[in-house]
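Residue strings, one per chain:
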Amino acid sequence: MKFQRNDLLTLIPKQNLRDLLHITRTIMENSNECYLVGGAVRDLVLGKVPNEYDLTTSMLPNEVKKIFPRVVETGIEHGTVTLLYGKNTYEITTFRKDIDYIDGRRPEKIEFGVSLEEDMKRRDFTMNALSLQINSGELFDFHNGLEDIAQKKIKTIGDPISRFTEDGLRPIRAIRFTSTLGFHIEKETYSAIAKTIHVTKKIAKERFHDELVKILKSSRPSIALGLLNQNKIISLFWGEEFQEELISEADWKIIDKIDNNDIPSSLALLLYLHFKDKNKDEIEKILRNLRFSKEHMKHSILFYKLISRIKQIPIDEFSVRANLSMIKLASNNEDFPLLIENYLRLVKIFINHDEFIKLERIIHENKYAPLVLSDLRINGEILQKNFASLDKRKYGEVLKFSLELVLKNPKDNIEEVLLKEVEKKLSVSSL
């Protein structure tokens, strides 16, 4: 069906609209069709400004390259190129028909030269199969996408088992949209998720990683995480040796309280809800399997440990300084204040108001206290000068002992005081 929706154009930022009008007109002047398509049109219908703008055209990729000066071949074998306009990029794909999905990831064969209507049939969900002609404002809806959007329904185009068998990522995308859009999955589409789990298992971990991050960045990640949990999907990618526990809806809702830009804290809580007794190496392996960066792994492991400490260790001066020591050790100094902010937001989920006020006060009073070995007034050189017979291999243990003293009482961070304490320790210890 065709609708006149000039109102949608008013939501597109002026620079993007100018670019899109120029691209569309240029292609049409060369006797071809061009439409805005997919998630961008869906978002416009929902009254949202899209994050990206994808186009579909009857023009072949090599012809697109001829008429536009700056084109990158991002997926030319599948009919996709990326147009560069100033600081903006626009992905443009030739109308195509996908044929013979075999590996659950991509079509074995594609056919160009089809119509817009045929091209829309290969899309995943009805809500994503809308196309908008930028010049005329005409909206094309061949699969009742507008009605499903109005009903906040996630529904595949055609048989859901067939669509999910074609691409194992589609069930995860369906689940992700429950959090990012607040939609619900239509009954038959949802039942197909479990029936095609063997195909979902085949997708690359990098693809799952990207979907998981989008879920964690949504306003209500608990919805999608709960559905992933119910269908035992996450364990397919973090390692099947780490069995997935069924988590209650109430527990999942805790994760909604975390800032949606704080991925390490969200990951830490996700892992804590599943595993409350894993060591650093096990958590690191899970995060590595999920393809997270070293920086995300370091901070997620930190917050995972801190959650355990929040639940088990009382709030007192020494415990808080010990936690601050862990945070500073995992920071690069520049991000230390940000990590403290994230830590406070995380703690606030688990403790009452009075405890939180107490914790905030102790942190404020101690965030500039000596917290790591480099803050100590003694070091290896001073130890060598004062304890010439001490094996250098023991310096680390001595300095850790000194740091523990200082964490208990920051006023002891004086060279003379620490050396006396080290001397006492050495006189009664085998260090």
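One can find the structure itself at the top, above this paragraph.
Reading the values: rules and limits
Residues numbered from 1 in each chain as written. Predicted model: local features only at pLDDT ≥ 70, side-chain atom pairs only at ≥ 80, totals over all residues. Heavy atoms only, no water. Buried < 20%, exposed > 50% of the residue type's maximum accessible area, 1.4 Å probe, protein only. Helix = DSSP H or I, 4+ residues; strand = E, 2+ residues; numbered from the N terminus. Pairing = 2+ DSSP bridges. 1 Å grid on protein atoms, 1.4 Å probe; cavity = no way out; pocket = protein on both sides within 12 Å on 5 of 7 lines; lining within 4 Å. Points joined across faces, edges and corners; volume = space filled by probe spheres on them. Contact = heavy atoms within 4.5 Å. Core = buried A, V, L, I, M, F, W, Y, C linked by side-chain atoms within 4.5 Å. Salt bridge = Lys/Arg side-chain N within 4 Å of Asp/Glu carboxyl O. Axes fitted to C-alpha atoms, helices over the stretch in contact; angles between N-to-C directions.

**Overview of the pairing of strand β5 (residues 80–85)**
So, step 1. Of all the six residues making up β5, five are buried; the element is thus mostly covered by neighbouring parts of the structure.
So, step 2. Alignment of strand β4 (residues 71–75) against β5, held across three bridges, turns out to be antiparallel. By the bridge assignment for β5, Val-72 is matched with Thr-82.
So, step 3. Counted along the chain from β4 to the antiparallel partner β5, the turn is four residues long, and its residue Gly-79 has a positive phi close to 85°.
So, step 4. Strand direction decides the pairing type here: β5 and strand β6 (residues 88–94), joined by six bridges, are antiparallel. Bridge assignment links Leu-83 to a residue of β6, and that residue is Tyr-90.

**Quick word on the environment of Val-422**
So, step 1. Summarising the element assignment, Val-422 is placed in helix α22 (residues 415–428).
So, step 2. Given a relative accessible area of 1%, Val-422 falls into the buried group.
So, step 3. Along the sequence, Val-422 and Lys-97 sit 325 residues apart, while their C-alpha atoms lie 76 Å from each other.

**Re the layout of surface pockets**
So, step 1. In this structure, the largest pocket spans a volume of roughly 1900 Å³.
So, step 2. With six residues, helix α7 (residues 170–180) is the single largest residue contributor to the lining of the largest pocket.
So, step 3. Roughly 500 Å³ of volume is contained in the second largest pocket.
So, step 4. Breaking the lining of the second largest pocket down by element, the ones donating at least two residues are α15 (280–289), α16 (294–312), α17 (317–330) and α21 (395–408).

**Things to note about the environment of Leu-399**
So, step 1. Note that Leu-399 resides in helix α21.
So, step 2. Note: C-alpha distance between Leu-399 and Asp-167 (232 residues apart in sequence) is 55 Å.
So, step 3. Not counting chain neighbours up to four residues away, the residues in contact with Leu-399 comprise Leu-373, Leu-376, Ile-378, Asn-379, Gly-380 and Leu-383.

**Structural notes on the nonpolar core**
So, step 1. Formed by 121 residues in total, the largest nonpolar core has its most connected members in Leu-36, Phe-208 and Leu-225.
So, step 2. Not counting the four nearest positions on each side in its chain, Leu-225 is found in contact with Leu-212, Ile-215, Leu-216, Ile-234, Trp-252, Ile-255 and Leu-270.

**As for the pattern of salt bridges**
So, step 1. Using the criterion set out here, one finds 26 salt bridges in the structure.
So, step 2. As a salt-bridge pair, Lys-121 and Glu-118 come within 3.4 Å of each other at their nearest N and O atoms. Taken together, the residues Lys-121 and Glu-118, both in helix α4 (residues 116–121) and three residues apart, mark about one turn of the helix.
So, step 3. Taking relative accessible area as the criterion, Lys-121 reaches 41% and is therefore assigned partly exposed.
So, step 4. Close ionic contact of Lys-285 with Glu-241 constitutes a salt bridge, the shortest N to O distance being 2.8 Å.

**Quick look at the sheet that holds strand β1 (residues 2–4)**
So, step 1. Taken together, eight strands build an open sheet; the order of strands is β1-β10-β9-β2-β3-β6-β5-β4 and the sheet is mixed. Across the chains shown, the open sheet's two edge strands, defined by having one partner strand only, are β1 and β4. Here the average twist between neighbouring strands, direction ignored, is 30°.
So, step 2. Judged from the two bridges that link them, strand β2 (residues 34–37) and strand β9 (residues 130–133) form a sheet pairing that is antiparallel. Bridge pairing in β9 links Leu-36 to Leu-132.

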